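# Notes for the structure review
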Amino acid sequence: GGTLFGIHLVNTLLTLVTLGFYYYWAKVRVRAYLFGQTEFAGDRFSYHGSARELLNGTLKASLVFGVPYFLLKNAGNFLEANMGIQIALQVAASLLLILFIPVAITGARRYRLSRTAWRGIRFSFRGKTLDFIKLWFTGYFLTAVTLGLYYPYFSTKKHAFLTAHSYFGSEPFKFSGDGVVLSRPFLRMYLLAVAVAGIVGLGLYSFVDLPGQNIEDPEAMGSFVFGAIASLMIGALVFRLLWLPYSVIEQRFFWEQTSIGSARFRLPITIWPYLKLKLGNLLFMLCTLGLAWPWITIRNI
C-alpha cells in the first residue's frame, strides 16, 4: 500500500497541475504496478497498455457517442421545440446512452486483455460487439418488463459471453453456468425487499388513516404519495443492503463455472469476511478522507 500511495500521490499532483490531462498516464502507471505485483505459478503478469491509446479511445468515444448525446440532450431547449419533440429527443439520447454501455464493456475488455500478458503470452477477447449489443438490449428489455426478475439470467448470459470469447494465447476460456442457479438467491432477496416495502407502505397507510378519508382530497392524496415514495425508498435500501451478500454468491458461482483447458477456477469466498472487508474499507475511506485508497485497493486484490 505504501508504494502504491507514493505512485498515487505523484499521479494526483501531476493530474491537478495538468488540469486532468495526466489522468491517462496515471491510470497506466497504476495498472502496470498492480499487474507487475500479481504472480501466478512463479511468474508475474505484465501490462503493455499506453496512455496515448487510452486517450485516443476516449477521444473516439467522445466523438461517436459524447457529442451526439450532448446534442440530442440539449437540442430541444436550444430550438425551443414543442413538448413532443423534446420527449422524442430525450428518449433518443437515453437509447444512445444505453447503446454506449455494451460498446464500452466489449471495447474495454478487448483492450485490457490484449495488453495483458503472462509468461510472454497475451490474452485476447474475440467476441463481436454487435452480438453483445443484441444480448444487452434483449436482456435489458426482459429485465425491465419483469420488474427485475430476469436479472440473474441476464447477468449470467453477459458473463458467459464475455468469458467464452476470452482467450489466453490460443486457448479459450469456457463457462458452463446457468442463470437458474442464481435465480433462487436473487428471488429470496427480491421478495424480502418487496415484503419490507409492502409492510412499510401498509404501516404508513394505517398511520395517516387513509381508509377513512376521501382519496380525492389533496391532503389525503399527498399522504398517499408520501407513503408510496417512502415505502419504495425503504424497499430499495433493503434491496441494496442485501445486494452485498448476493454479489458474493454471484461471483463465487461465476468463477466456479469458469475453466480453461482442464483446469477449473474456484473462489472460496464467504459472505461475512466479504462484508467485513467492505465495511472496513468504508471506515478507512471516511476516517482518512479518501487517502486510504491505495491500501483499500491492495486489500481488495
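Below, the structure is looked at part by part. Since we're looking at a predicted model, the values are computed, not measured.

What counts, and at which threshold
Residues numbered from 1 in each chain as written. Predicted model: local features only at pLDDT ≥ 70, side-chain atom pairs only at ≥ 80, totals over all residues. Heavy atoms only, no water. Helix = DSSP H or I, 4+ residues; strand = E, 2+ residues; numbered from the N terminus. Expected span 1.5 Å × (residues − 1). Buried < 20%, exposed > 50% of the residue type's maximum accessible area, 1.4 Å probe, protein only. Arc of directions from axis to C-beta. Contact = heavy atoms within 4.5 Å. Axes fitted to C-alpha atoms, helices over the stretch in contact; angles between N-to-C directions. Parallel < 35°, antiparallel > 145°, perpendicular 65-115°, else oblique. Nonpolar A, V, L, I, M, F, W, Y, C, P; charged D, E, K, R; others polar.

### Quick look at helix 1 (residues 2-17)
In an α-helix there are 3.6 residues to a turn, and that puts residues three or four apart on one side. Between the first and last C-alpha of helix 1 there are 23 Å, a value that for 16 residues agrees with the 22 Å anticipated at 1.5 Å per step. Those residues of helix 1 not exposed but buried are L4, I7, N11 and T15. Along the long axis of helix 1, the arc covered by the buried residues comes to 65°, so they all point the same way. Summarising the geometry of helix 1, the exposed residues directed more than 90 degrees from the buried face are L16 and V17. Here the buried face of helix 1 lies against helix 2 (23-36) and helix 10 (293-300).

### A short note on the packing of helix 5 (residues 129-145) against helix 6 (residues 151-164)
Between two packed helices, the angle of one axis relative to the other and the distance separating the axes together describe the packing. With their axes 9 Å apart at the nearest point, helix 5 and helix 6 run at an angle of 170° to one another. The orientation of helix 5 with respect to helix 6, classified from their angle, is roughly antiparallel. Residues D131, F132, L135, W136, G139, Y140 and T143 of helix 5 touch helix 6, and the partners they reach there are Y151, F154, K157, K158, F161 and L162. A breakdown of the residues in the contact of helix 5 with helix 6 according to their chemical character gives eight nonpolar, two polar and three charged.

### So, the packing of helix 1 against helix 2
Close contact between helix 1 and helix 2 brings their axes to 9 Å; oriented N to C, the two are set at 170°. The angle between the axes of helix 1 and helix 2 places the two elements in the roughly antiparallel class. Residues T3, L4, I7, V10, N11 and T15 of helix 1 touch helix 2, and the partners they reach there are Y23, A26, R29, V30, Y33 and L34. Here the residues of the contact of helix 1 with helix 2 sort into eight nonpolar, three polar and one charged.

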